[in-house]
Amino acid sequence: QFGWLQTDRSVVLSHHGRVLIGAPHRDLASAVITRGLTRASQPGQFYLDGASGFEMVATAPVYYRSQRLGTVVLSRKLDAHWMATVREMTGGELLLVKDGRIVLSTLDEKHAGHGFSQTAEQVVLAGEPYLVRRVVIDTGTAGHELYFALSRAELTERLVAQRNIVLGLAIAGSLGILLIGFMLLHNFSAPLGRLVGVMQALSEGRYPQVVAGRARDEIGYLTNHVAAMVASLREKQDEIRRVHEQLERQ
């Protein structure tokens, strides 16, 4: 069930605490038994500072038909490989500190063994300021402390990049709104201008050709009504002209 996890050590304990699998890792089994996790009904997690190094340990109970059979224990070393993997995901630096000194970090190896004292949210490492935040882990880790550090210069670059993205989105949105507004204005003003020209021609006694189309909005309905009105006026005008011609012949 847990074969896909990236683990360094694994142990299976019976419900009595006997080691069924992983006999060489009795220190790991003893740590689980001491913490009472072999009786826990829910998965657990703690950090262990032992002979194998600093490890993150996870436990999970195993049940079959509501009967507890034992406990599965998996551990992962918080070593340089683990730190490098986390750094790829977060983009920040990790510092493992014990007794006030850096024992492991994703920075250059020259930082190992250097003193570390976080009195504020910022420290200077190799002359470069870093924003530092402590990662909360189990208190029983024999003095180990884990810190997440982010270079102030890198943070500034991220903020500038995010600002540029937000600014670009704002400019693109503004241009989109202007384009939509221009299209709406064009689609509204052009038909309205044609209607005004028709009314002006009617006031001068002319009957221009107005083509009715599919009405999609109020302007379209108005255009169709004007087209019907102009067609009716043109028919009346033709009728009056025929009557005048008839009168002239008489």
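My aim in this report is to walk through the structure given alongside it, one point at a time.

What counts and what doesn't
Residues numbered from 1 in each chain as written. Predicted model: local features only at pLDDT ≥ 70, side-chain atom pairs only at ≥ 80, totals over all residues. Heavy atoms only, no water. Helix = DSSP H or I, 4+ residues; strand = E, 2+ residues; numbered from the N terminus. Polar contact = N/O pair within 3.5 Å; in protein donor to acceptor, adjacent residues only side chain to side chain. Pairing = 2+ DSSP bridges. Axes fitted to C-alpha atoms, helices over the stretch in contact; angles between N-to-C directions. Buried < 20%, exposed > 50% of the residue type's maximum accessible area, 1.4 Å probe, protein only. Arc of directions from axis to C-beta. Contact = heavy atoms within 4.5 Å. Phe/Tyr/Trp six-rings, centres within 6.5 Å; stacked < 30°, edge-to-face > 60°.

Remarks on the environment of N164
- In this structure, N164 sits in helix α3 (residues 152–203).
- Side-chain polar atoms of N164 contact the side chain of R163, separated by 3.3 Å.

Quick look at the sheet that holds strand β3 (residues 44–50)
- One open sheet accounts for 5 strands, arranged β2-β1-β5-β4-β3; its pairing is antiparallel. Bordering the open sheet on either side are β2 (19–21) and β3, each of which pairs with just one other strand. When strand polarity is set aside, the average angle formed by the axes of neighbouring strands in this sheet is 30°.
- The sheet contact formed by strand β1 (residues 9–14) and strand β5 (residues 67–77) spans 6 bridges and is antiparallel. Paired with R9 across the bridge in β5 is S75.

A look at helix α1 (residues 26–34)
- Buried within α1 we find L28, A29, A31 and V32. Buried residues of α1, viewed axially, fall in a sector of 160°; they line one side. Pointing more than 90 degrees away from the buried face of α1 are the exposed residues R26 and T34.
- Next to the buried residues of α1 lie β1, β2, β3, β4 (53–64) and β5.

So, the packing of aromatic side chains
- Using the criterion set out here, one finds 1 aromatic pair in the structure.
- Pairing Y47 with F54 gives two aromatic rings, centres 5.9 Å apart and planes at 15°, and the pair type is stacked. When sorted by exposure, Y47 lands in the same class as F54, which is buried.

With respect to the side chain of R68
- Mapped onto the fold, R68 is located in strand β5.
- Judged by its relative accessible area of 15%, R68 is buried.
- At 3.0 Å, the side chain of R68 and the backbone oxygen of T38 are in polar contact.
- Not counting residues within four places of it along the chain, the set of residues in contact with R68 comprises H15, L37, T38, R39, A40, S41, P61, V62 and Y63.

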